[in-house]
Amino acid sequence: MKNHNIIKNNHQIIKNNGTASGISRRAFGLRTGAALAGTAFGGALIGLGSSVMAATPKRGGVARIAFPDTSPNDTLDPIAVTSNIDATRCYQLYSNLVRAGSDQRPEAQLATSWEANDATTEWVFTLREGVEFHNGKTFTSADALYSIGRHLGEDTESRIKAQMSQIAEISAEGDYRIRVKLKAANAELPIIFASARAGIVPEGHTDFDNPIGTGPFKVKEFQPGISAYFERHENYFNAENVYLDAVETFAIPDPTARANALLSGEVDIAALVDAKAVDLINASPQAEVVSSRGGQWVYTAMMADRAPTDNVDFRLAMKYLQDRQRVLDGVYKGYGQIANDHPIAPSDPMYCADLPIRPYDPDKAKFHLKKAGMENATVEIYTSTTAGPGGVEQALVLQQTAAAGGVTVQVRQTPPDGYWSHTAEKYPFFGSYWNTRPTADLTYATVHMTNSAANESKYVNPHIDELMLQARATLDEAARKAIWCDLQQLISDEGGNLIPSFVDYLDGVGSHVQGFEGHPMGGLSDHYTGEGVWLDS
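Residues numbered from 1 in each chain as written. Predicted model: local features only at pLDDT ≥ 70, side-chain atom pairs only at ≥ 80, totals over all residues. Heavy atoms only, no water.

## Looking at the nonpolar core
Inside soluble globular proteins, nonpolar side chains tend to come together where they are buried. Here is the rule: In this text, buried Ala, Val, Leu, Ile, Met, Phe, Trp, Tyr and Cys residues form a nonpolar core when linked through side-chain atoms within 4.5 Å. In this scheme, a residue with accessible area under 20% of its type's maximum is buried, one over 50% is exposed, and one in between is partly exposed, where area comes from a 1.4 Å probe on protein chains only. Every helix listed is a DSSP run of H or I at least four residues long, and every strand listed is a run of E at least two residues long, numbered separately from the N terminus. Here, residues are in contact when the closest pair of their heavy atoms is within 4.5 Å.
The biggest cluster of nonpolar side chains holds 33 residues, and the ones touching the most others in it are L97, F125, I167, I178 and F193. When residues of this core are traced back to their parent elements, those giving at least two are β5 (98–100), β8 (122–127), α2 (141–149), β9 (167–172) and β10 (177–182). Beyond its immediate chain neighbours, meaning those up to four positions away, L97 contacts A108, Q109, L110, A111, L127, A144, I148, I178, F193 and I200.

## Considerations on helix α13 (residues 477–494)
Here is the rule: Residue count minus one, scaled by 1.5 Å, sets the expected span of a helix. Polar contacts, as used here, are pairs of N or O atoms within 3.5 Å; protein pairs need one atom able to donate a hydrogen and one able to accept it. Residues neighboring in sequence count only if both atoms are side-chain atoms.
With 18 residues, α13 ought to run about 26 Å at 1.5 Å a step, and its terminal C-alpha atoms sit 26 Å apart, in line with that. Inspection of α13 places R480, I483, W484, C485, L487, Q488, L490, I491 and S492 among the buried residues, and these make up the whole buried set. The inward-facing, buried residues of α13 abut α6 (312–320), α11 (440–447), α12 (462–472) and β20 (497–498). With a side-chain oxygen lying 3.3 Å from the backbone nitrogen of A478, the N-terminal cap of α13 falls on D476.

## Observations concerning the pattern of salt bridges
Filter applied, for reference: We define a salt bridge as a side-chain nitrogen of Lys or Arg found within 4 Å of a carboxyl oxygen belonging to Asp or Glu.
Counting across every chain of the model gives 24 salt bridges. Across the salt bridge formed by R358 and D493, the nearest N and O atoms sit 2.9 Å from each other. Of this pair, R358 sits in the loop between β16 (336–338) and α8 (362–372) while D493 sits in helix α13; the two residues are 135 residues apart in sequence, bridging distant segments of the chain. Here the residues in one salt-bridge network are R59, R232, E234 and D245, joined through shared partners.

## Some remarks on unusual backbone geometry
Between A307 and P308 the backbone carries a cis peptide bond, its omega angle lying at 0 degrees. Mapped onto the secondary structure, P308 falls in the loop between β15 (287–302) and α6. The backbone of N376 shows a phi angle near 55 degrees, a positive value even though the residue is not glycine. Even without being a glycine, E425 presents a positive backbone phi close to 65 degrees. You can see E425 is positioned in the loop between α10 (419–422) and β19 (429–434). Relative accessible area serves as the criterion here: at 13%, E425 is assigned to the buried category.

## Structural notes on the layout of surface pockets
Threshold: Residues are said to line a cavity or pocket when one of their atoms sits within 4 Å of a point; the points come from a 1 Å grid over protein atoms alone, cavities being sets where a 1.4 Å probe fits but cannot get out and pockets being open sets with protein on both sides within 12 Å along at least five of seven lines. Grid points are joined across faces, edges and corners, and a volume is the space filled by probe spheres set on the points. Any residue outside Ala, Val, Leu, Ile, Met, Phe, Trp, Tyr, Cys, Pro, Asp, Glu, Lys and Arg is labelled polar, Gly included; the first ten of those are nonpolar and the last four are charged.
If you add up the space inside the largest pocket, you get close to 530 Å³. Lining the largest pocket we find 26 residues, and of these Q104, R105, E188, T439 and R480 sit closest to its centre. Those elements that place two or more of their residues in the lining of the largest pocket are α11, α12 and α13. Per-element accounting of the lining of the largest pocket gives the leading share, three residues, to α13. Tallied by class, residues from the lining of the largest pocket come to 14 nonpolar, four polar and eight charged.

## Some thoughts on the packing of α6 against α8
We apply this condition: Between the N-to-C directions of two axes lies an angle of 0 to 180 degrees, each axis being a line fitted to C-alpha atoms and, for a helix, fitted only over the stretch in contact. Our angle categories are set so that under 35 degrees counts as roughly parallel, over 145 as roughly antiparallel, 65 to 115 as roughly perpendicular, and the remainder as oblique. A clockwise turn of the near helix away from the far one marks a right-handed crossing, whereas an anticlockwise turn of less than a right angle marks a left-handed crossing.
At their nearest, the axes of α6 and α8 sit 8 Å apart, and the two run at 165 degrees to each other. With respect to α8, the element α6 is oriented roughly antiparallel. Pair α6 / α8 crosses with left-handed handedness. Mapping the contact onto sequence places D313, F314, L316, A317 and Y320 in α6 and P362, K364, A365, H368, L369, K371 and A372 in α8. Broken down by class, the residue content of the contact of α6 with α8 amounts to eight nonpolar, one polar and three charged.

Dropping the structure here:
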């Protein structure tokens, strides 16, 4: 097929031969879908509030959404998204080529269809016609090429550089088709374009103090570290599904204060409700909790590039000193699933059920501590209320269970404001959390490949890259899963993750909020809260 408009870094052809840029940062990250036990994919109402009843959508109103954290580094530039509040804001502003469905598969958004060659090394995307940006410009293939191109090349600041680095070349074939050529086969390519970081912006746009997208809302006011206010985009291509006049987002870091704000009616939706608050919220007629079983992981990172966590035996000892069931039952009240120190959840098709769950075993921990020459060690774990739901409590449980192995754990709780700049990745042990990705490949590409921009543990192993390339090129699912079992074993045994459980998404929703549905790949309806939701008062 003839290429009518091939683009480079100088706006003629974009070829990507970039290597790792060394960008590091923690966690936002979207998704890996999951089925609720005994139900289909999606969310379940824990409470018995009014949103389970059918109702006729109403136009109007402002939805106020409270998050656990915000920062002066908040951004409306999609390639720079680093947090849940960033992601939700960008999904209000921008549309993607595809979005992630509750079955983990890509669904049409700005791309209406896609197809690959037999080798899955080239993909062609057909784009939606008649889409209007907030400034009135018509969306075309030039905008898609420009937006994808922002992630490519050695100097990109994209947080999904590792995922996008598989792209060798992109080109336009008229106004509404693009061709993507890969460096190696990947049968699951389309889903990488569902990330909040892959939002489509107009060709040439660089002013993200004044962002322009094709999403359901456009920005009216944005104050990093404080709040953002978005008004409805009347010419949105799916405008019939947008009922709210506006969405306001801000942070209430303290989980108790956030729950109280929901119960008092000061907020309409509270993200990442503490599991201990579920019964309190559901006992009130003012709100309910929507639970979605997914692959969210709240964990302690052990940085492999510095002492004492650069010693693999010491890392293994700490893994044996986690009481996973105690964390799940005590911290998360059973709202979750047991994890095994790697980030692939049981709901993922590539999850390796044959890999034995590492037990709580102080004697084995002592064996590895002796090998490491670190018997009776004292360590500090830095964490905060913003380091994921239950993150502080999780560290306190480890403090107690590690004592049986002779390890003294001192928990250092730091202020939530600015945690990701003043604490995360500054100490050998620190608390963090990740939302999940729709595929195992995207999860590892984000945090475990050698050029992953957000590899918090700093554990690097080129064999991971080799195995992932093999998996991408393996179309037989059983054979691909065998490779993924090796990948999970490798991280579980050698990596720097203390992951005791996968935590369900718990969102607090006012009883007057209608149309809110849980999503297994992220809280707040996978961050699309402003679309499909209306207020019944």
